[in-house]
Amino acid sequence: MIDILITGGDVYDGLGGGPERADVAIVGDRVAEVRPGRPGSGTSGGAPQARVVIDATRRAVAPGFINILSHSNVSILRDPRSLGELTQGVTTEIFGEGSSMGPLTPALRAELAESIDPLEVRWTRLSEYLRHVEKSGTSQNVGSFIGGGTLRANVVGYGDRPAEPAEVDRMCGLVAEEMADGALGIASALIYAPGSYASTEELTAVCQAVADYDGCYASHLRDEGARLHDATAEFLAICRGAGVRGEVFHLKAAGRDNWDQMAGAISLLESARAAGDRVTADVYPYTASATGLYIIIPERYHDGGQGALFDRLADPVVRREIRQELAAAGRWADVRGAEEILLLQLDRPDYQHYQGRSLADVAAERGTDPLDTAMDLMATDRTRVECAFMSMSEDNLRSALGQPWVGVSSDGASMAPEGAFLRAPTHPRAYGSFARVLGHYARDQGVLTLADAVHKMSGLPAATLGLDGRGVLRAGSFADVVVFDPAAVADLATFARPHQLSVGVTEVLVNGQVAVAGGESTRRLAGRALAGPGARQ
């Protein structure tokens, strides 16, 4: 007996093929058969019997989408429905850019517990965290890289210094343990301390431990601006030196003066692929980035961790030194000025009215220079001060999307337009990345075909991560499936109104269970903790 039969849809296999009019039969958590048919063929004329029939006539049927760069590692604990991404068809979330939920020393565990209070930290290892998510209940599958910064904090701490040989050995040991338990690889974020303090040689050494388990090295490159080519070359050198697959997170050229760097970065990656290097990349489909305002502060002032940075900003002598350096360099994180920085999230109640406004606007209200305003906010809010930076080129984004080896990510946390999520604005990528590619870039702009768009969200990331049986729609694959209307799928979230769910996805199945029906969450929590190739070894 078939559990679920999806009939009459245009099936995309996730490998770039399709559409093919076919019926999809699901038994348990697997696809039993993809059978060529005609609209309605699953409901009459000797068709197999099924407990549930989903009529997908005039709709697309595809493998569930994989978000290769997600920051939902905490939000999924607070709200396991993950509505912002589930309703776009995302069935798998991958965490770990720079920082990860394990492995944790006692000090790191206490630090994490304080940051996510009142949630409890009941794990030490990354694998334990993933199992905790599954046991607690999640609408999506979850997997994770080992964060390069977390790895370094475990052994070296937050100091700005080279790792000693014995410390590198200890890091490699931690990597081996987590890879054997299912970690997907290492993901560095080389503009953030303490991960930024790692040398090329150190990163290559720990990635060799990843290679032993057929894992992947993913990276937020060390520079996405004027030195983008050098940073891309470093990434390729690490991948070659360690013998690992590689993924460039959110490929971009940041800053108007650096937009011409994008073509060269793409060329470097294409040349490496032609030479046999197994490297890929991803983008989020927006021209604004989002991160902490604290990235404008030079790296050496981050020595010792965020608390030490905020203390320095509160110290008049050190602050004067920082300000002089910022003013001399014109350092605005690859945007031209404070008017191109949008404040998204601050903690202090008396700062809430700054959210959603430009730094230039806030500085004018406060009657202070924008640089002083930025340092004041960080020193007194004692947070990263989340911001959006209007820094990228639409032409470059379209060029990247046109590359067959470039996938799609959100680089955000999945949210819901309700409750605590509404306390602060967010980047619209949290609600719209996948729907935007399907609707705006594939259907409306013709930058890529629908088959290519589906591949970038399913088969491509699954192959990069070594996820067996995911990202494809064929007999024997896991029944992660999305049904959507190609004519209606669209993102609605904007910076002015960010908390808006996308539309056009009608059904989502996760491991053979219906998680979205008629465009609405069923609250079915069928997601699982996924393991990389190392665990299968």
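Note: the structure precedes this text.
It should be emphasised that the depicted structure is a prediction, and the values quoted were computed from it without experimental measurement.

Engineer: Got a sec to walk through the overall build of the chain? Specific residues and values, please.
Structural biologist: A tally of regular secondary structure across the chain gives 18 helices and 21 strands. For the chain, whose C-alpha radius of gyration is 23 Å, the value lies close to the compact-globule estimate of 24 Å for 537 residues. Seen along its three principal axes, the alpha-carbon backbone of the chain occupies a region of about 80 × 50 × 45 Å. Counting only residues that meet the buried cut, the chain has 60% of its 537 residues in that class.

Engineer: Please provide a residue-by-residue account of helix α16 (residues 450–457), values included.
Structural biologist: Most of α16 sits inside the fold, with seven of its eight residues counted as buried. Looking only at α16, the buried set comprises L450, A451, A453, V454, H455, K456 and M457.

Engineer: Just give me the short version of the packing of aromatic side chains, but keep the residues and values in it.
Structural biologist: Summed over all chains, the structure comprises eight aromatic pairs. Note on F65 and F434: the rings are 6.4 Å apart at their centroids and 10° apart in plane angle, and the pair reads as stacked. Linking F65 in strand β6 (residues 65–67) with F434 in helix α15 (residues 429–444), this pair joins segments that are 369 residues apart in sequence. Given a relative accessible area of 0%, F65 falls into the buried group. Owing to a relative accessible area of 0%, F434 belongs among the buried residues under this scheme. Taken together, the aromatic side chains of F65, F434 and F484 make up a single cluster linked through ring pairs. The residue whose ring lies beneath R429 is Y284, and the NZ or CZ to ring-centre distance is 4.6 Å. Here R470 stacks its cationic end above the ring of F478, 3.7 Å away from the centre of that ring.

Engineer: Please give an account of the sheet that holds β6 that cites residues and values.
Structural biologist: Read from one edge to the other, the open sheet built from three strands follows the order β6-β7-β8, with strand pairing classed as parallel. The open sheet has two edge strands, β6 and β8 (141–144), and neither has a second partner. Across the sheet, the axes of successive neighbouring strands diverge by a mean angle of 20°, strand direction being ignored. Relative to β8, strand β7 (residues 90–95) is paired through four bridges, and the arrangement is parallel. Following the sheet pairing, F95 is matched in β8 by S144.

Engineer: Talk me through helix α4 (residues 126–136); I want residue IDs and the actual numbers.
Structural biologist: Listed as buried for α4 are L126, S127, Y129, L130, H132 and V133. Contacts from the buried residues of α4 go to α1 (75–78), β7, β8, β9 (146–147) and α6 (165–180). Once α4 ends, the next one or two residues include G137, with phi positive near 110°.

Engineer: Residues and numbers for the pairing of strand β15 (residues 341–345), please.
Structural biologist: Judged by how many residues are buried, β15 sits mostly within the fold: four of five residues are covered. Inspection of the sheet shows β15 paired to strand β16 (residues 386–390) by four bridges, in the antiparallel sense. Each bridged residue has a counterpart across the sheet, and for L343 the counterpart in β16 is C387.

Engineer: Which residues make up the pairing of strand β1 (residues 2–11), and what values do they have?
Structural biologist: Across the 10 residues of β1, eight count as buried, placing the element largely inside the fold. As defined by bridge partners, β1 adjoins strand β4 (residues 50–55) across five bridges and the pair is classed as parallel. Its bridge partner being in β4, L5 is matched across the sheet by V53. Looking at chain direction, β1 and strand β2 (residues 20–27) are connected through six bridges and run antiparallel. Residue pairing across strands places G9 opposite A22, the latter belonging to β2. Relative to strand β5 (residues 60–63), β1 runs parallel, the two being bridged by two bridges. When the bridges of β5 are listed, D10 appears paired with A60.

Engineer: So what about the sheet that holds β16? Which residues, and what values?
Structural biologist: Within the open sheet, the three strands sit side by side as β14-β16-β15. Their pairing is antiparallel. Bordering the open sheet on either side are β14 (288–292) and β15, each of which pairs with just one other strand. Going across the sheet, the axis of each strand differs from the next one's by a mean of 30°, ignoring polarity.

Engineer: I'd like a description of the side chain of N67, backed by residues and values.
Structural biologist: With respect to the secondary-structure elements, N67 resides in strand β6. Within the structure, the side chain of N67 is placed 3.0 Å from the side chain of E85, a separation counted as a polar contact. Beyond its immediate chain neighbours, meaning those up to four positions away, N67 contacts E85, V90, T92, E93, I94, S409, S410 and F434.

Engineer: Give a detailed account of the environment of E128, specifying residues and quantitative values.
Structural biologist: Here E128 shows up in helix α4. On the accessibility criterion, E128 (32% relative accessible area) is partly exposed. E128 sits 401 residues away from A529 along the chain, and the two C-alpha atoms are 9.8 Å apart.

Engineer: Before we move on, could you go through the side chain of S188 and cite the residues and values that matter?
Structural biologist: As for its placement among the helices and strands, S188 is situated in strand β10 (residues 185–189). Looking at S188, the relative accessible area reads 2%, which means it is buried. Once residues lying within four places of it in the same chain are set aside, the contact partners of S188 are E97, G98, G148, L203, Y217, A218, S219 and H220.

Definitions and limits used
Residues numbered from 1 in each chain as written. Predicted model: local features only at pLDDT ≥ 70, side-chain atom pairs only at ≥ 80, totals over all residues. Heavy atoms only, no water. Helix = DSSP H or I, 4+ residues; strand = E, 2+ residues; numbered from the N terminus. Rg over C-alpha atoms; globule rule 2.2 N^0.38 Å. Buried < 20%, exposed > 50% of the residue type's maximum accessible area, 1.4 Å probe, protein only. Phe/Tyr/Trp six-rings, centres within 6.5 Å; stacked < 30°, edge-to-face > 60°. Lys NZ or Arg CZ within 6 Å of the ring centre and 35° of its normal. Pairing = 2+ DSSP bridges. Axes fitted to C-alpha atoms, helices over the stretch in contact; angles between N-to-C directions. Contact = heavy atoms within 4.5 Å. Polar contact = N/O pair within 3.5 Å; in protein donor to acceptor, adjacent residues only side chain to side chain.

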